[in-house]
Amino acid sequence: MISERVGQYIDKKGISYYAFENSLGASRGSISKAVKEGKSIGSNVLEHIMSIYTDINPNWLLTGQGDMFKSDEEFLLNKEVEAFKLKTDNSIENQQIPLYDIEAVAGLVPLFSGKGNQTPLDYISIPRLPKCDGAVYVTGDSMYPLLKSGDIVLYKEVTDIHNEIFWGEMYLLSLDMSGEEYITVKYIQKSDYEGCVRLVSQNKHHQDKDVEFNKIKALALVKASVRINAMN
């Protein structure tokens, strides 16, 4: 049954039925009831599922033939994926990377500390990437054209900020600016000032900035970025 395969997909992605139904604009309990009772799911709903969850293999969903997820080539269609790997990185064949809404989790500090709302918007699965802890949307143009507002960055959290920085690499970081959290993506380089680091933008219209180490409240190494090219 197609409804059974929808349930298998939801379980594999690790998302709740409520989140799945909400993403489709479906009434609460409509999908879960169909799955549990083995009832059919309307063709318009199935088309909506395949348009939103683009990693699902339509042939598998409709017939049960083939793999649950699309092949690498099909999955990456209309998506630009850029990996920023270190020489010591080991690629993982398949991982489910949670995508978070920074505003919903109230910033990087509560997200990394495990406090507040930790429910992800969805999960991202891209083959052969280094280990990632999560993903968030980028805002601003400081890393343009490498990153633009609306792109997704996949990150690996840094727990020892003072001793685990790879100088010159790209980081997602949270800064304490006059008591408020400022989240940005920058290259981190050594500073000429003691106790500071230099934040460098890709966009040459943004000036480099030296900030004190103790202003950095959360830090993550950017491992990859995703840009979705929508076609109208």
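My aim in this report is to walk through the structure given alongside it, one point at a time. Bear in mind the structure is a predicted one, so any value in this text is a computation, not a measurement.

## So, the side chain of S225
Turning to step 1, where the next piece is worked out: Structurally, the position occupied by S225 is in strand β12 (residues 216-228).
Turning to step 2, where the next piece is worked out: With a relative accessible area of 5%, S225 lands in the buried category.
Turning to step 3, where the next piece is worked out: Setting aside its immediate chain neighbours within four residues, S225 contacts E80, V81, E82, F84, L147, I152, V153 and L154.

## Quick notes on the packing of helix α1 (residues 2-13) against helix α3 (residues 30-37)
Turning to step 1, where the next piece is worked out: Between α1 and α3, the least distance of the axes is 8 Å, while the angle of their chain directions is 115°. Relative to α3, the crossing made by α1 is left-handed. In this structure, α1 uses S3, V6, G7 and I10 to contact α3, whose residues at the interface are I31, A34 and V35.
Turning to step 2, where the next piece is worked out: For the contact of α1 with α3, the residue count by class is five nonpolar, two polar and no charged.

## Section: the pairing of strand β6 (residues 134-137)
Every other side chain in a regular strand lies on the same face of the sheet, so the side chains alternate between the two faces.
Turning to step 1, where the next piece is worked out: Relative to β6, strand β3 (residues 97-100) is paired through two bridges, and the arrangement is parallel. In the strand pairing of β6, L99 is matched with A135.
Turning to step 2, where the next piece is worked out: Judged from the four bridges that link them, β6 and strand β7 (residues 152-157) form a sheet pairing that is antiparallel. Of the residues in β7, the one forming a bridge with V136 is V153.

## Examining the packing of aromatic side chains
Turning to step 1, where the next piece is worked out: Summed over all chains, the structure comprises three aromatic pairs.
Turning to step 2, where the next piece is worked out: Judged by centre distance (5.8 Å) and plane angle (75°), the rings of Y9 and Y53 are edge-to-face. Taken as a pair, Y9 in helix α1 and Y53 in the loop between α4 (43-52) and α5 (58-63) lie far apart in primary sequence, 44 residues in all. The same class applies to Y9 as to Y53, namely buried.
Turning to step 3, where the next piece is worked out: Members of the aromatic cluster, joined through ring pairs, are Y9, F20 and Y53.

## Observations regarding the nonpolar core
Turning to step 1, where the next piece is worked out: Among the nonpolar cores identified, the biggest contains 21 residues, and Y155, M170 and L172 are the most heavily contacted of them.
Turning to step 2, where the next piece is worked out: Where this core is concerned, the elements lending two or more residues are α7 (108-113), β7, β8 (170-177), β9 (180-190) and β12.
Turning to step 3, where the next piece is worked out: Once you skip the residues sitting within four places of it in the chain, L172 turns out to touch L108, V136, Y155, I183, T184, V185, A218, L219, A220 and V222.

## Some thoughts on unusual backbone geometry
Turning to step 1, where the next piece is worked out: The linkage connecting Y144 with the following residue, P145, adopts the cis geometry, with an omega of 10°.
Turning to step 2, where the next piece is worked out: Relative to the elements of secondary structure, P145 occurs in the loop between β6 and β7.
Turning to step 3, where the next piece is worked out: For S178, which is not a glycine, the phi torsion comes out positive at approximately 55°.
Turning to step 4, where the next piece is worked out: Here S178 shows up in the loop between β8 and β9.

## Digging into the side chain of D122
Turning to step 1, where the next piece is worked out: With respect to the helices, strands and loops of the structure, D122 is situated in strand β4 (residues 122-124).
Turning to step 2, where the next piece is worked out: D122 gets classed as buried once you look at its relative accessible area, which sits at 19%.
Turning to step 3, where the next piece is worked out: Apart from the residues within four sequence positions on either side, D122 is in contact with K13, I15, Y53, I97, P98 and L99.

## What about helix α2 (residues 17-24)?
Turning to step 1, where the next piece is worked out: Along α2, the positions that sit buried rather than exposed are F20, E21 and L24. Across the axial projection of α2, the buried residues extend over an arc of 95°, all falling on one side.
Turning to step 2, where the next piece is worked out: Contacts made by the buried residues of α2 are with α1, α3 and α4.
Turning to step 3, where the next piece is worked out: Looking one or two residues past α2, G25 carries a phi angle of roughly 75°, positive in sign.

Quick notes on the rules
- Along each chain, the written sequence defines residue order, and numbers are assigned to residues from 1.
- In view of the model being predicted, local features appear only for residues whose pLDDT reaches at least 70, and side-chain atom pairs are presented and counted only at 80 or more, with totals across whole chains, interfaces and linings using the full set of residues.
- Side-chain figures throughout are based on the complete set of non-hydrogen atoms in the structure, without hydrogens or water.
- Secondary structure elements follow DSSP: runs of H or I of four or more residues count as helices, runs of E of two or more count as strands, with numbering from the N terminus.
- Here's how the labels work: a residue is buried when its accessible area is under 20% of the maximum for its type, exposed when over 50%, partly exposed in between, all with a 1.4 Å probe on protein chains only.
- In this description, contact between two residues means that some pair of their heavy atoms is separated by no more than 4.5 Å.
- Helix axes are fitted only over the stretch in contact, all axes being lines through C-alpha atoms; the angle between N-to-C directions runs from 0 to 180 degrees.
- A clockwise turn of the near helix away from the far one marks a right-handed crossing, whereas an anticlockwise turn of less than a right angle marks a left-handed crossing.
- Residues are grouped as follows: Ala, Val, Leu, Ile, Met, Phe, Trp, Tyr, Cys and Pro are nonpolar; Asp, Glu, Lys and Arg are charged; every other residue, Gly included, is polar.
- For two strands to pair, DSSP has to find at least two bridges joining them.
- Aromatic rings from Phe, Tyr and Trp, with only the six-membered ring used for Trp, were paired whenever their centres fell within 6.5 Å, and each pair was classed as stacked if the ring planes differed by under 30 degrees, edge-to-face if by over 60, and tilted otherwise.
- We define a nonpolar core as any set of buried Ala, Val, Leu, Ile, Met, Phe, Trp, Tyr and Cys residues linked to one another through side-chain atoms lying within 4.5 Å.
- Here, the arc refers to the directions that run from the helix axis to the C-beta atoms.

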